[in-house]
Amino acid sequence: MFALPVVQLLAQTKTITGKVTDEKGNGIPNASVSIKGTKKGAIANESGNFTITASEGDVLVISATGFSSGSIKITTQDFYAVILKDDLQSMEVATALGIKKKKNELPYATQRLDGKDISQARTSNFVNNLGGKIAGLEIKRGNNLGASTNVILRGNKSLTGNNQVLFVIDGVPVDNTNTNTINNTKANKNVQISGGGGYDYGNAVADINPDDIESMNVLKGSAATALYGSRASNGVIVITTKKGTKGLGITFNMGASIGLVDPSTFPKYQKEYGGGYGALYESPDGYFLYRDAAAGFKLQPRPSTGPDLVVPFSEDASFGAKFNPNLLVYDWTAFDPSSPNYHKPRPWTAGKNDPSSFLENALSTNYSIMLDGGGDKGNFKLGYTNTTDKGILPNSKIIKNLINFGSSYKIDENLTASGSINFSKIDGIGRYATGYDGTTASSKNVFGSFRQWWQMNVDVKELKDAYNRTGKNVTWNWSDPTKLSPAFWNNPYWSRYENFETDSRSRYFGNVALTYKINSWIDVLARTSLDSYDEIQEERIAVTSLGVSRYSQFNRRFSEQNYDLMANINKDINPELNFKATIGTNTRITKQQSIFAETNGGLLIPKVYALLNSKNPIEAPTERITTERVDGVFASATLGYKNFLFLDLGARRDISSTLPKGNNAYFYPSSSLGFIFSKFTTDAIPWLSYGKVRINYAEVGNTAPALYVKDYYLVPTGIDGVPLATVDDIKYNPDLKPERTKSFETGIELAFLKGRISLDITYYKQNTVDQIVPLSVSASTGYGSKIVNAGNIENKGIEIALNANPIKTSNFSWNIGLNLSRNRNLVKDLGPGVKNLQLAAVQGGVSINAAVGEPYGTIRGSNFVYLNGQKVVDADGHYLKSSTANEIIGNVNPDWIGGMTNTFKYKDFSLNFLIDARKGGKVFSLDMAYGLSEGLYPETAGLNDLGKPVRDPVAQGGGIILPGVKEDGTPNTKRIDMEYGTLGITDDRNPAAAHVYDASYIKLRELVLTYSFPAFLIKNLYPIKGIDFSLVGTNLWIIYKKLPYADPEEGLSSGNVQGNQSGSVPATRNIGFNLKFKF
Amino acid sequence: MKKILRYITTSCLMFAFFSSCKKDITSLNENPKLPSNVDPGTLFANAQKKLTDILTTPSQFENICRLFTQYWAETVYTSESRYANIMTNNIPGRFWNVLYANVLKSLYEAKKLINAKNAGIDAIAKNKLALIDILIVYTYSVLVDTYGNVPYSEALNVENIHPKYDDASTIYNDLLVKLDAAINSLDISKTSFGVSDIIYKGDIDRWKKFANSIKLRMGMRLVDVSGSNAKNIVEQAVQSGVFQSNADGAMFTYSTVPPNTNPIWENLIQNERNDFVAAQPFVDTMNALNDPRRMAYFTKVGNAYIGGKYGSQNNYVAFSHVGDRLIAENMESFLMEYTEVEFLLAEAVERGFAVGGTAEGHYKSAITASMQYWNVPQPDIDAYLLQPAVAYSTATGDYKQKIGTQKWIAFYNRPFEAWCEWKRLDYPVLVKPANAASDIPKRLRYPVREQNLNKEAYDQAAGAIPGGDLFTSKVFWD
């Protein structure tokens, strides 16, 4: 600390240092240290270290929120270790409205995380660091650079609406929209998540500075969140940011990590057979084109002498000829004039460098500096963080710059003003294209090619050289020797360096607030907050790429203002009865405006990415403006009797602008009861140090999305001046009602052996009814869907959180935290006569659905035909398929999820690791469905059960027998050729169910080794007050999984459509260091 | 300072207080970027475009008829030409959705707006309503010809999300009534949609011929199931006036500017796909007849027209591709042509209907009209007609085979009509490819979405089809 209180310098004293820790040995930040009987004092820094001048014989009183206070007498020693005991009963946590309450008063489930738990194994999106740490919170992170993270608490509740957790910072919500690529040419504009191509632009909550997070409190059920309003019905993560403390503190942090592709999440390839679909071509054996090199490789006239073999490079599969180094063939390189191999044949062998050599190591760096300080009247904090992430694909990078400032000032005894402002800027280039890009912009997603469509004879290094040499789209996938343009795929380096996206988001959010203390038991808070950002996304397809060259620009502006006025009452009516109440109003106004424009029919001038460079006049841009407003009034009362019985009652009434007049006001109540029974069992059960039961019931009303009430016409581009109009595919509803969530929760909190073991078990059941959904209807009604109030989803489940300190000595401690949760989700009703609601149709004849009587997220498609549990084959030896393509073939929901954190501390070292697990849930892999069809994977080559090459014809002992039974129930004995489609989904061979996999995993998610330089070393390093050095590993090891060649957690985007992999991104093992200096 | 802050507090309080008793906030929920009212002509124009698009598109996922008729063969991915993956790729659903939710929805909406606008419907509005009805009849006939029983009497009413399926022949009869009413209400002296009528620019006289030609076609569809009824319909239509020349054809003109370009250009040229080559059965037939239209239909390989093997993988460069005229951005497309009328009349004569002329005469006119449209010089036309394999008296087979074969050749760019007439005439003889998933489809199965969303009605409809909801079941007139 730079500044010490001036008074202390005048005293006859010595400087002493100390460290305040909890019983686990964690430093307690911001503990206050004062000298008994004086006004002198100091505040411990972030790791619990403090410095104070005192005289021998003084008594230091140390106190911190959430801990019993302790005292210590100054002796001749210069260093004092102070251990404070956890005080469960007075630990303060923040509720959704930003009101702090003591944990023991809360009659509903919450779980708290320290800022340190999130930032120590930092990733560039702090949300990813929540995985496995909170019971009931399902975090699904994507492997894409800057990918959005799916954050679901207690299951999906809304059929088609938002199911993501709400993030609230210091009482103010922050927007977490995911603005992934919008496809304006399709009826379903947001096709990115269904695998239709585009980019995952991440979610907006990633703009929060992880270094500014003091703690997080996860509010899980409606009783905890009802007062906050309908947006909180998916659960709330309340973030409390750091507050400036007395004196001046500076923390500097730097770290770097390298990400290595986890080979278990990337394909292994067969390397015996090259490009082609079989013996289908011109040469006598059928595997090659048969052209005359001397005659320009033309097909006609047929060569009379010296015919030359040309690889059928237009075919993006590997069911071609067996490699044979003695065979000389012309491959794609022979048609690149700049290649040393130009017009020369070469041996027919596997490419030296398979697609894994396309991938680079990811690299992340981060720097941050946080300043804080304060005096008696006020305090401030100022932080800056810079993060740079370079991805595993060439030409990919995301840079984040975050600045935050916060301050508060006590104007007088009763009036405090505070404010904060955050600025963030995120710039991305070359995020990875996702999914299956279809016909128009195919080949942007290089993973789609590497996993589904590839020729084993291609050497990736040669593609790199060809691109670098020419700067042109020299591809392995020429259409023909006489037509040198891509058939289906560009050179992947061309795709990465020429067909890239760029994006940028600038965001401000913050608030100003005044708190006025009317008297000792009432204070009033007036607060206004703003969250506002602008973003731009630009996408490109370069001239000479496959398909239509293109440039598009998407601009979006978001702003949300909240006006809050709240009175908080806290009064002891008599010594036994405490009364707390909150009454308030909230007005929220959210405005969104966007415009999307793209070139029409191609670009004129190569490499000029501007709308004016459109081949044809551009079509009218798509504009959208929405304004939503909700006016709410709310009140709650908590009655506490003798500090062991708490009754909490709440009610809120909202008026919403997005529901029709007359139906747009709705009221909802909540009630909760908590009973600390350990008050009465201290004597009878001495080992039970704390026991509480909770029970609550709450309802929450919810409004409609904007523009769901009135019909409008759509206006496509007119044809040569003749205007066109169409009716929207969705029928809107002028009679909508609010939807409603009803939830019940009960739980028990126990602590044993003076808190060395604590256990929290919660059971909940939640029904969301009258949901506002676009109900799919038969197209013969003239519409695709109709907005209705329908449906009921039930979620019930159990959450267990266990914490234990098996070993605790002065030098060594071991702490285990365990979270387990299972959620059972059931779609109970979808409206009259409706049995299924399709959430998305994905490539491969598969759809993701909500079906009555099934969990939310059923995978439908064609199934095997089973006989006594065995797959049935037809007379030809192929699998029979179900008669419809509409069978339920999977459920994306896990059976349970869990996480275990272990922390070991020895002196100044600490070792921390997190194991994250998910059991069950299914995923459909289009990658496997196509990759097996196209002969990419080792399953399609090698030897069969007879020891013969499986790709040899059946007549020569090759081929395979599919496991299963004949239609009469006897085992299948029919051997079939291993050819295009035999194991895959193309060519109508196998049902989609063949490529539905168990998505279970166990991962070593985080491993952190930290060394805190001890005080005696630091003493000589003035002005440095502390140094922590950490080695950090994340996603180090997938201990268990069943999905081959991919990460089962990987998805296309956050959102309601999960359980589908298409061109999926491999996981990276990240290893790095972090160095933290405190001044 | 303190005072200022107290003022701020007070004003926040005031805002909070007054905001909660503000005027009706639902007015915020309006979309300023889209119209809530449009001219009915814009919807009518849209219906014309969507109908032409779906009948023209070469995308096997939207309209698979160019494969069913073996005009084209696939190159790399061949499952559709073997009638596999048709349900998986939702081909029946896409066709159905466009006809109902785009074409018919636009037409009914235009009708609703006209009816709402005019307290007393004037002659212009009457003309407009008649034109709408003619296209409604046309569209429903496509649906019935494709699927059989379809939702009709309860369709296009979103209040009823489970419309029942009506009997196909009942629908046909009702469509004919509707068509007659429309023909009778046309007033040639009055205008209608003007430029919003992309096909005829509001020319009521030609609309009348178009309507009668549709009636002729629908009547001929019925010949095998209801001969006397068909005779009446056909004779009435001819009497009232059908197409007289190529100039009468119901032609939709595409733009040179995307997105209103011809779907063939969009799929084959703009998207740079090499998915199709000419198919051998068709090319070989034309080669045998030395048909001069090949020049327009296909490109040459070396000096020859070579078709790829239907149902197998084909090397794109080894075979003839789609001809240059067909792949122009603004290549026009027809809902109905004069050549079709003449073919129908030739058959009507053979069936003994009083439509005038001889079968041979109409047959010759039909071929001549087709060739003239494809810019074949007159001497070449004459020479073609003189060939024994072409000439009506000497060509192989009965009238069904002669007419069927020449229709197949003439309808190259009208694949849906070619498929229907192949079903009805059973000529030309098309052979399913080896390892086909079924026989050549004679109808499309109902979309999977219908099975999910309108199950009771679907089950009933599927149950009503002899043989069930299969690709190989027949529609009622087949």
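See the structure printed just above.
Residues numbered from 1 in each chain as written. Chains lettered and ligands numbered in written order. Predicted model: local features only at pLDDT ≥ 70, side-chain atom pairs only at ≥ 80, totals over all residues. Heavy atoms only, no water.

K.L.:
Even after reading the chapter, I still don't get the interface of chain A and chain B, so can you show me in this structure?
P.N.:
How big an interface is tends to be stated in terms of accessible area lost as the parts join. Contact with chain A, which involves 98 residues of that partner, is made by 88 residues of chain B. Taken over both partners, the interface formed by chain A and chain B buries close to 7900 Å², and the fraction arising from carbon and sulfur atoms is 60%. Contact with chain B buries area across many residues of chain A, yet Y712, Y713 and S780 of chain A alone supply 9% of it, more than any other trio. Our enumeration of links across chain A and chain B arrives at 3 salt bridges. Notably, a salt bridge pairs D24 of chain B with K661 of chain A, separated by 3.7 Å at the nearest N-O pair. The tally of links between chain A and chain B comes to 21 residue pairs in polar contact (both at pLDDT 80 or more). Residue contributions to the side of chain A that touches chain B peak at 6 residues, all from strand β34 (residues 622-641) of chain A. (Contact = heavy atoms within 4.5 Å. Buried area = accessible area lost by both parts, 1.4 Å probe. Salt bridge = Lys/Arg side-chain N within 4 Å of Asp/Glu carboxyl O. Polar contact = N/O pair within 3.5 Å; in protein donor to acceptor, adjacent residues only side chain to side chain. Helix = DSSP H or I, 4+ residues; strand = E, 2+ residues; numbered from the N terminus.)

K.L.:
Just checking my understanding: could you explain the side chain of K157 of chain A for this structure?
P.N.:
Within the fold, K157 of chain A resides in the loop between β12 (149-153) and β13 (166-169). In this structure the side chain of K157 of chain A is engaged in a polar contact, spanning 2.5 Å, whose partner is the backbone oxygen of L153 of chain A.

K.L.:
Is there a simple way to explain a nonpolar patch on the surface in this structure?
P.N.:
All names here are of chain A. A cluster of nonpolar side chains, namely I573, L639, L647, L649, L673, I695, Y697, F744, Y763 and I798, defines an oily patch on the protein surface of about 780 Å² accessible area. When contributions to the nonpolar patch are tallied by element, the ones reaching two or more residues are β35 (645-656) and β37 (688-702). Looking at the element boundaries, L639 is found in strand β34. (Patch = residues over 30% accessible without salt bridge, like charges linked within 9 Å, V, L, I, M, F, W, Y side chains within 5 Å. Areas by Shrake-Rupley, 256 points an atom, 1.4 Å probe, with all protein chains shown as cover.)

K.L.:
How should the packing of helix α13 (residues 359-373) of chain B against helix α15 (residues 399-410) of chain B be read in this particular structure?
P.N.:
Residue and element names in this part refer to chain B. Two elements in contact, α13 and α15, have axes whose closest approach is 10 Å; the angle formed by their N-to-C orientations is 15°. It follows that α13 is roughly parallel to α15 by the angle criterion. Our pair here, α13 against α15, has a crossing hand that is left-handed. Contacts from Y363, I367 and S370 in α13 reach K402, I403, Q406 and A410 in α15. Of the residues that constitute the contact of α13 with α15, the class distribution is 4 nonpolar, 2 polar and 1 charged. (Axes fitted to C-alpha atoms, helices over the stretch in contact; angles between N-to-C directions. Parallel < 35°, antiparallel > 145°, perpendicular 65-115°, else oblique. Left-handed = near helix turned anticlockwise from the far one by under 90°. Nonpolar A, V, L, I, M, F, W, Y, C, P; charged D, E, K, R; others polar.)

K.L.:
When you look at the sheet that holds strand β43 (residues 772-776) of chain A in this model, what are you seeing that I'm missing?
P.N.:
The strands making up a sheet are joined through hydrogen bonds of the backbone, oriented either antiparallel or parallel. The 3 strands lie next to each other as β40-β44-β43 (chain A), forming an open sheet whose pairing is mixed. The open sheet has two edge strands, β40 (730-731) and β43 of chain A, and neither has a second partner. (Pairing = 2+ DSSP bridges.)

K.L.:
What exactly am I supposed to notice about helix α8 (residues 227-240) of chain B here?
P.N.:
Along an α-helix, a turn takes 3.6 residues, which lines up residues three or four apart on a common side. Residue and element names in this part refer to chain B. Over its 14 residues, α8 runs 20 Å from end to end, which matches the ideal 20 Å to within 8%, given 1.5 Å per residue. Taken together, the buried residues of α8 touch α6 (168-185), α7 (204-221) and α12 (338-350). One or two positions beyond α8, positive phi appears at G241, with a value near 110°. (Expected span 1.5 Å × (residues − 1).)

None of this, on its own, says anything about what the molecule does.
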